[in-house]
Amino acid sequence: MGTRIAGTTRGDAERDAITVEIGFAVLTGAFAAALVYGVIAGPAWYFDLPDAFRRVAAVAACLAFVGRVVQVLWRFPRSGRRAPGQLPGQQPEKRTDQPSQPGRTSPDS
C-alpha cells in the first residue's frame, strides 16, 4: 500500500529509493565532514597549534556535511519521470536517435 502525500501515491519501491538516497547522502556527508576535519585539525594537533584551528575545522566539517547532503538530495529526482539533471517543470528532451517512421533508417546510419 502506498502513502498518500500531497496528492500523490508513493509505492514501496519509491519510498525505498528515497530511504536509500537519504542514507547515502548522510553517509557520504559524514565521510566528507570527517575528511575535512582531519585535514584541518590534524596538523593543528600534530604541531600543537591554538584551539582556533580545531574550531575552524569543526565549522568547516559541518559545512562540508550540510553541503554534501544538499548536493546529493538536490540531484535526486522527486518523481520517476524526470531525467537526471532535469529541473522541475522542465520538459524532457525529444530523442532524435530513432527514425521518425517505423521501418526506415535514420539518415546518418
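Heads up: the structure comes first, above all this text.
Rules used in this analysis
Residues numbered from 1 in each chain as written. Predicted model: local features only at pLDDT ≥ 70, side-chain atom pairs only at ≥ 80, totals over all residues. Heavy atoms only, no water. Patch = residues over 30% accessible without salt bridge, like charges linked within 9 Å, V, L, I, M, F, W, Y side chains within 5 Å. Areas by Shrake-Rupley, 256 points an atom, 1.4 Å probe, with all protein chains shown as cover. Salt bridge = Lys/Arg side-chain N within 4 Å of Asp/Glu carboxyl O. Helix = DSSP H or I, 4+ residues; strand = E, 2+ residues; numbered from the N terminus. Buried < 20%, exposed > 50% of the residue type's maximum accessible area, 1.4 Å probe, protein only. Phe/Tyr/Trp six-rings, centres within 6.5 Å; stacked < 30°, edge-to-face > 60°. Axes fitted to C-alpha atoms, helices over the stretch in contact; angles between N-to-C directions. Parallel < 35°, antiparallel > 145°, perpendicular 65-115°, else oblique. Left-handed = near helix turned anticlockwise from the far one by under 90°. Nonpolar A, V, L, I, M, F, W, Y, C, P; charged D, E, K, R; others polar. Polar contact = N/O pair within 3.5 Å; in protein donor to acceptor, adjacent residues only side chain to side chain. Contact = heavy atoms within 4.5 Å.

Engineer: Is there a simple way to think about a nonpolar patch on the surface in this case?
Structural biologist: On the surface, Y46, F47, L49 and F53 cluster together to form a nonpolar patch covering roughly 470 Å² of accessible area. Note on placement: Y46 falls in helix α1 (residues 12-46).

Engineer: Looking at this model, I keep getting lost on the pattern of salt bridges. Mind explaining?
Structural biologist: Should their charged atoms come close, side chains of opposite charge can pair. Tallying each qualifying case throughout the model produces two salt bridges. In this structure, the salt-bridge partner of D12 is R15, at a minimum N-O distance of 2.2 Å. Placement of both D12 and R15 in helix α1 is noted, with a separation of three residues, approximately one turn of the helix. On the basis of relative accessible area, D12 is assigned to the partly exposed category, the value being 44%.

Engineer: How should I be thinking about the packing of aromatic side chains in this particular structure?
Structural biologist: Here the distance between the centres and the angle between the planes together describe a pair of aromatic rings. For the structure on display, the rule yields two aromatic pairs. Between Y37 and W45 the ring centres are 5.9 Å apart and the planes differ by 70 degrees, which places this aromatic pair in the edge-to-face class. Ring centres of Y46 and F47 lie 4.9 Å apart, and the angle between their planes is 85 degrees; this geometry places the pair in the edge-to-face category. For the pair Y46 and F47, a shared accessibility class is recorded, and that class is exposed.

Engineer: Please explain the packing of α1 against helix α2 (residues 51-75) as it appears in this structure.
Structural biologist: The relative placement of two packed helices comes down to the angle between their axes together with the axis-to-axis distance. Contact pair α1 / α2: the axes reach a minimum separation of 8 Å and the direction vectors enclose 160 degrees. When the interaxial angle is binned, α1 and α2 end up roughly antiparallel. The interaxial crossing formed by α1 with α2 has right-handed handedness. Class assignment of the residues belonging to the contact of α1 with α2 gives a composition of 23 nonpolar, two polar and three charged.

Engineer: Explain the side chain of T28 here, please?
Structural biologist: Mapped onto the elements, T28 comes out in helix α1. Taking relative accessible area as the criterion, T28 reaches 17% and is therefore assigned buried. In terms of polar contacts, T28 uses its side chain to reach the backbone carbonyl oxygen of A25, at 3.3 Å. Separated by 3.2 Å, the side chains of T28 and R68 make a polar contact. Residues in contact with T28, not counting those within four places in the same chain, are R68 and V72.

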